[in-house]
Amino acid sequence: MSLLLSSAKTPCVDDLSTLCSQVYKATGNEWLAGSANWLLTKPLKILMIVVIAFVVRLILRRLINRVTTLPKSNGRLPALLRPLRERAPEVLGSAIIERRRQRAQTIGSVLKSMATFLIYGLAFILVLGELGLNLGPIIASAGIIGVAIGFGAQNLVKDFLSGIFMMVEDQYGVGDVVDIGEATGTVEAVGLRITTLRDLKGTVWYVRNGEVLRVGNSSQGFAVAVVDVPLGYTADVERATTVLGEAASTATESDALKDNVLEPPEMLGVESVTPEGLQLRLTVKVRPGKQWAVQRALRAQLLAALEEAGFDPPLGRLFPNSVSSVAEKK
């Protein structure tokens with residue numbers, strides 16, 4: 001009987017270099033010695049995997065935060081955005097800081113999420129391997145679940161991917177005036193799923209990025225202020241063109257407009273002929289987003305210049321009495 005018990009002794013007990021032998025020597029319990037690998041070694045390995053994953057994730061998140069933070073100097077880009085193309089116009093002023101901050105933080109949040117998913121996912125697989133589980137069926141099941149979720153959340157994935165490409169390519173950002181089809185206005189916030197616009201009437205529009213098929217950005221590079229001036233049929237077009245060109249040059253050189261004007265105004269001539277009269281067109285290359293203010297200022301000064309030069313309004317031929325009465329009052 002004693003020989004049978006001795007032969008049933010756990011083999012690792014006789015190997016003095018193993019943990020099993022050390023536990024048996026300390027406790028005298030063969031079962032505890034045989035289970036030492038499960039009770040001590042594997043939990044320590046699993047704990048080590050979890051700790052390493054947590055530390056690596058923490059280091060990566062801090063590194064991402066560092067490269068997505070705006071430097072103290074407002075004139076510089078975050079380190080993450082320097083390799084990427086930026087189309088933000090300098091005339092946005094303080095809005096460009098918010099634009100860069102949101103863009104960097106959004107891209108940074110994507111990188112953080114990807115890092116967390118990859119690190120914890122790998123740690124989870126390593127832990128399952130330490131527990132001795134067969135990973136093949138688990139990975140296959142996870143793939144099937146991922147496909148099912150992908151089909152069920154196609155719109156969400158579409159919005160997310162569109163937001164990433166829009167951020168990386170800098171198609172538009174905070175402070176830009178954009179036309180995205182259903183809504184036109186100033187961009188107030190940009191996210192991975194939704195872009196927030198505010199139109200001229202003050203209405204806030206929330207537009208899903210996946211639904212944006214085309215974008216008209218009025219705030220990139222430069223803009224063109226287009227001013228159409230009406231004239232009567234009997235007006236001297238050549239003289240009117242001269243008057244308008246001189247008035248536009250004087251107006252664009254004034255303190256109110258010169259900071260927004262990039263090139264001298266260009267008089268294009270007769271744009272259209274309508275039943276009411278003629279339309280003369282003048283264009284001016286201006287800073288992005290400033291075309292509407294320049295158009296309003298030029299329109300007022302050009303009409304005043306025509307009136308001062310003695311040109312009748314376009315409908316003056318239909319109301320000769322009223323025109324003559326106005327002239328007599330003057």
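Residues numbered from 1 in each chain as written. Predicted model: local features only at pLDDT ≥ 70, side-chain atom pairs only at ≥ 80, totals over all residues. Heavy atoms only, no water.

By the naming in an unreviewed UniProt entry, the protein chain goes by Mechanosensitive ion channel family protein and is assigned to Amycolatopsis mongoliensis. Regarding the protein chain, the UniProt comment filed under Subcellular location (unreviewed entry) reads as follows: "Cell membrane". Comment text from UniProt for the protein chain, heading Sequence similarities (unreviewed entry), reads "Belongs to the MscS (TC 1.A.23) family." (UniProt positions renumbered as here; feature names shortened; annotations may be inferred.)

## So, the pairing of strand β4 (residues 204–208)
As defined by bridge partners, strand β3 (residues 194–198) adjoins β4 across five bridges and the pair is classed as antiparallel. Among the inter-strand pairings, Ile-194 is bridged to a residue of β4, identified as Arg-208. Linkage of β3 to β4, two consecutive antiparallel strands, is achieved through a turn of five residues, within which Gly-202 is found at a positive phi near 90°. (Pairing = 2+ DSSP bridges. Helix = DSSP H or I, 4+ residues; strand = E, 2+ residues; numbered from the N terminus.)

## Looking at the sheet that holds strand β5 (residues 216–217)
Read from one edge of the open sheet, five strands run β4-β3-β2-β1-β5, paired in antiparallel fashion. The strands lining the two open edges of the sheet, one partner per strand, are β4 and β5. For strand β2 (residues 184–190) and β3, the ladder comprises four bridges, and the chain directions are antiparallel. Paired with Ala-189 across the strands is Thr-196, a residue of β3.

## Some points on the packing of aromatic side chains
Tallying each qualifying case throughout the model produces zero aromatic pairs. A cation over a ring is seen here: Lys-285 above Phe-222, with NZ or CZ 4.1 Å from the ring centre. (Phe/Tyr/Trp six-rings, centres within 6.5 Å; stacked < 30°, edge-to-face > 60°. Lys NZ or Arg CZ within 6 Å of the ring centre and 35° of its normal.)

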